[in-house]
Amino acid sequence: MTQLALVIDLNVCVGCHACVTSCKQWNTSGPAGYMSDDNPYDKDPTGTFFNRVQTFEVGDYPNTETVHFPKSCLHCEDPPCVPVCPTGASYKRESDGIVLVDYDKCIGCKYCSWACPYGMREIDEHQKVMKKCTLCVDRIYDTSLPEAERKPACVMACPTNARLFGDVHDPESEVSLAIRERGGYPLMPEWGTKPANHYLPRRKTRITIHEDELIRADNPLKKERKQAPHTIEGPTLDDSTMW
Amino acid sequence: MRGLAAHSNGFHSIRSLSILMSILGTIDRPGGFRHKAPFPRPIPPCAKTPTGPEGVQPNTPLAGMPLGWPADPDDLFVDEQGEPVRIDKAFSWEHPLAVHGLMHNVITNAWRGDPYKIDTLMIFMANMAWNSSMNTVDVRQMLNDKDENGEFKIPFLVVCDAFQSEMVAFADLVLPDTTYLERHDVMSMLDRPISEYDGPVDSVRVPVVPPKGECKPFQEVLIELGTRLKLPAFTHEDGSRKFRDYPDFVINYETAPGSGIGFLAGWRGKGGEKFMKGEPNPSQWELYEKNNCVFHYELPRSYQYMRNWNQGYLRWAQDHSLTRYAEPINIHIYSEVLQKFRLAAQGRTPGGRVPPERLRKRVDTYFDPLPFYYEPLEAQYSDKHRYPLNALTQRPMAMYHSWDSQNAWLRQIHTYNYLYVNAQTAQAAGIVDGGWMWAESQWGKVRCLCRYSQAVEPGTVWTWNAVGKAAGAWGLSPQANESQQGFLLNHLISEELPAHSAGEHISNSDPVTGQAGWYDVRVRIYPTDAEEPEVSSPQFEPLQPVPGQSKRPSWLAWFAGGKKGHR
């Protein structure tokens, strides 16, 4: 059975928020309807986002790290938001494991947001329905898009390729390999929700240089054939660049 | 300019770093500092500015480039006394190698009439009444200041901007610009192309939506002005119009008649069969558009490294007119160029140009042909016991290169800024996390919010630049967090150094390059008193809405590229 998910590499996320804005740009015109903003140009602006980046510091100076931590629905394999829904609006798809909300059934009671231990759901204050990450379900199966673009908007936008997308149940997929080989982990596994999304940990990069590598055995200093001088006519960039 | 270069010792710091890389042999090597076309370039030869006041004549084109690369005291743009000719004093003995100009001093110099008074100041997409100026409070006063006859010291101010910025509020004439989505643009091989390590790349923007209202791309304004002023680049010999509009200009402009070198390197030649050099191609825009607005030429692998000395590459660069000479481009570890200026300052160039007396020691000191460390100039003239901390800024990544960081989504990511202070430093000053505090330099002070951080060293404080805005600017409500809790560090930074032996009004910049010393200011910090208002300081009279400015909706819902209006 397929379980689509994101794998997010915290080692290369730089906190640029491109995933945040591209998510909203795509999804505000998606099946979830608009993603509203209150007080957009006034005091205390606030709005609906399916994806947010939280930045925090770890450790004390000088042994400090600044961690940028993108957060969106984890598409749990055992999602606690689904059984609490009184109308059946919140559901998990058999076919690909994506957790979605049926907005026609949602009554905005917020049970699901209380049940989600990760705080990933956002009530839309104007439509009075609960919204969340859909893994861009309206992109990933859209055959009118080139195949390379059938990915969530956030994955397409990430300039450091910190976001991987694929089937975590396929042991040979890019995401499964990343989880297996690069220490991928789910958030708060103790809750038993089995999040499908995983994170790759921050890593220390160290290089080892052996002394014999510092001496070049193949030093290329040698005489080369002389070539006749070569001149060209007319202007060149030398005359016009001024920076 | 940010990072290492944004200090008054930036030139020698960067030069040290470059020389270290050179000695390590990492220049244009795998994993090292790679070149991007049209680099590497030899210095000299290179384009020059005029070298004296006679190069600037009424109704006559400038006798040289507006910016250039002086390589010799004879290349400086100075008068007979060795004093600056340009309003920003670039290419003078004060800042000889000011290859970017000194925009940060233009308003102050114009206000003072030093070296001359101006009648018109034209500003494009630079928020000089706010975050693009040092000493913002005083600069705002200079923009409105009058002389003894009651006339404005800067009589006519033209501002071209796409938004209702702090700067626009000072304009006598506003030229409403378009955004990038509404106009043609080029990232040209003649300016700063987007080249890759594997070869030259340039790119264009094409409009995807029509301009709103009476907005006009600034490039069109300039071409119209150039044409009406009958500047030779824009008119035929009989004075008739040469270019229909900006897209036409981009296609047909050549650096010299028939040179085949123009703004765009891709699809040149009549049918688009040439690149880098070739006659103008009337279908160039269409070909860029077809190719995702990018031209990319990938060099053969053997031309991709060691390009300073790569004969194949240099021959290729010469054949494509990127450079005139296919000679090795040697790195100046000992700089003969710098030494020429130093010898002049030492009076050892008989008959040659010499710096004015007050600048001799300065040029002699800072034109060292080998790099050295010195304390930033401002710190040399500051009381470091009273102002023990360095203060600097960075631009938040979510808003990098966003002219409209006030837009509804970005301002939810960074609504206002804190001053980040090492927790120990803040505690020692009695400032609480999230509390109000003052940061004060010898030039001014700001009231702001403090955020403890372990990720900043104890002797430095920092904040996000340009998140703070003036009340009512950028179409935001006067109560918006950006103006009430957000703040600018610029109020603490001076555009000029304290008066010292080199002069009374020397720019707060690198003495070699004129790079602004944005990160040299020193501050002290202390908590606010309990009775103080919980609002950032300084505050300015809120900007009033202008006629035609749209009302701010109480909520927004964007859908399918359009907007559902709501109150």
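Residues numbered from 1 in each chain as written. Chains lettered and ligands numbered in written order. Predicted model: local features only at pLDDT ≥ 70, side-chain atom pairs only at ≥ 80, totals over all residues. Heavy atoms only, no water.

1. Some words on the sheet that holds strand 3 (residues 46-47) of chain A
As summarised here, the arrangement of the three strands in space is 3(A)-2(A)-13(B), forming an open sheet in which the pairing is antiparallel. At either end of the open sheet lies a strand with only one pairing partner, and these are strand 3 of chain A together with strand 13 (555-556) of chain B. (Pairing = 2+ DSSP bridges. Helix = DSSP H or I, 4+ residues; strand = E, 2+ residues; numbered from the N terminus.)

2. Some thoughts on the pairing of strand 1 (residues 120-124) of chain B
Burial along strand 1 of chain B is one-sided: the residues Leu121 and Ile123 of chain B are buried and none of Thr120, Met122 and Phe124 of chain B is. Crossover handedness for the path strand 1 of chain B to helix 3 (residues 136-144) of chain B to strand 2 (residues 156-161) of chain B: right-handed. (Buried < 20%, exposed > 50% of the residue type's maximum accessible area, 1.4 Å probe, protein only. Right-handed = clockwise from strand over helix to strand, strands pointing away.)

3. Observations concerning the sheet that holds strand 10 (residues 163-167) of chain A
All names here are of chain A. Strand order in this open sheet of three strands is 10-1-11, and the pairing throughout is mixed. Unpaired on one side and paired on the other, strand 10 and strand 11 (198-200) mark the two borders of the sheet. Across the sheet, the mean angle from the axis of one strand to that of its neighbour is 25°, orientation sign disregarded. Sheet topology note: the strand 1 (residues 4-9)/strand 11 ladder contains three bridges and is parallel. Across the sheet, residue valine 7 finds its bridge partner in strand 11, namely histidine 198. Running at roughly 115° to strand 10, helix 5 (residues 174-181) makes contact with strand 1, strand 10 and strand 11 of the sheet. (Axes fitted to C-alpha atoms, helices over the stretch in contact; angles between N-to-C directions. Contact = heavy atoms within 4.5 Å.)

4. Let's talk about the interface of chain B and chain A
Contacts between the two partners involve 64 residues from chain B, matched on the other side by 50 residues from chain A. The contact between chain B and chain A buries some 4900 Å² in all, and 57% of this surface belongs to carbon and sulfur atoms. Sorting the residues of chain B by area buried against chain A places Arg324, Trp409 and Gln454 of chain B first, and these three jointly supply 14% of that buried surface. Scanning the region where chain B abuts chain A turns up zero salt bridges. There are 16 residue pairs in polar contact (both at pLDDT 80 or more) connecting chain B and chain A. Among the secondary structure elements, those contributing two or more residues to the side of chain B that touches chain A are helix 7 (311-319), helix 11 (410-413), strand 13 and strand 14 (558-559) of chain B. Residues belonging to the side of chain B that touches chain A are distributed by class as follows: 33 nonpolar, 19 polar and twelve charged. Summarising the sheet, strand 2 (residues 37-38) of chain A and strand 13 of chain B pair through two bridges and their orientation is antiparallel. (Buried area = accessible area lost by both parts, 1.4 Å probe. Salt bridge = Lys/Arg side-chain N within 4 Å of Asp/Glu carboxyl O. Polar contact = N/O pair within 3.5 Å; in protein donor to acceptor, adjacent residues only side chain to side chain. Nonpolar A, V, L, I, M, F, W, Y, C, P; charged D, E, K, R; others polar.)

5. Things to note about the side chain of histidine 198 of chain A
Residue and element names in this part refer to chain A. Among the structural elements, histidine 198 can be located in strand 11. Accessibility expressed as a relative area gives 13% for histidine 198, which makes it buried. Within the local environment of histidine 198, its side chain forms a polar contact with the backbone oxygen of alanine 196, the two atoms lying 2.8 Å apart. Once you skip the residues sitting within four places of it in the chain, histidine 198 turns out to touch Leu6, Val7, Ile8, Ile179, Gly184, Tyr185 and Pro186.

6. Remarks on the environment of glutamate 504 of chain B
All names here are of chain B. Residue position: glutamate 504 is located in the loop between helix 13 (481-484) and strand 12 (522-527). Residue glutamate 504 is classed as exposed on the basis of its relative accessible area of 59%. When the C-alpha atoms of glutamate 504 and arginine 348 are compared, they prove to be 27 Å apart, with 156 residues separating the residues in sequence. Sequence-distant contacts of glutamate 504, that is, excluding residues within four places in its chain, are made with Leu497 and Ala499.

7. Section: the pattern of salt bridges
Residue and element names in this part refer to chain B. Summed over all chains, the structure comprises 36 salt bridges over all chains. As a salt-bridge pair, lysine 340 and aspartate 72 come within 3.7 Å of each other at their nearest N and O atoms. Separated by 268 residues along the polypeptide, lysine 340 in helix 8 (residues 336-345) and aspartate 72 in the loop between helix 1 (10-24) and helix 2 (106-112) bring together distant segments of the chain. When its relative accessible area of 34% is taken as the criterion, lysine 340 is described as partly exposed. Ionic pairing is found between arginine 411 and glutamate 482, a salt bridge with its closest N-O pair at 2.7 Å. A residue pair is termed long-range when its members are at least 10 positions apart, and arginine 411 in helix 11 and glutamate 482 in helix 13 qualify at 71 residues. Taking relative accessible area as the criterion, arginine 411 reaches 0% and is therefore assigned buried. The class for glutamate 482 is buried, based on a relative accessible area of 2%. A single network of salt bridges, built from pairs that share partners, joins Asp177, Arg183, Asp185 and Arg205.

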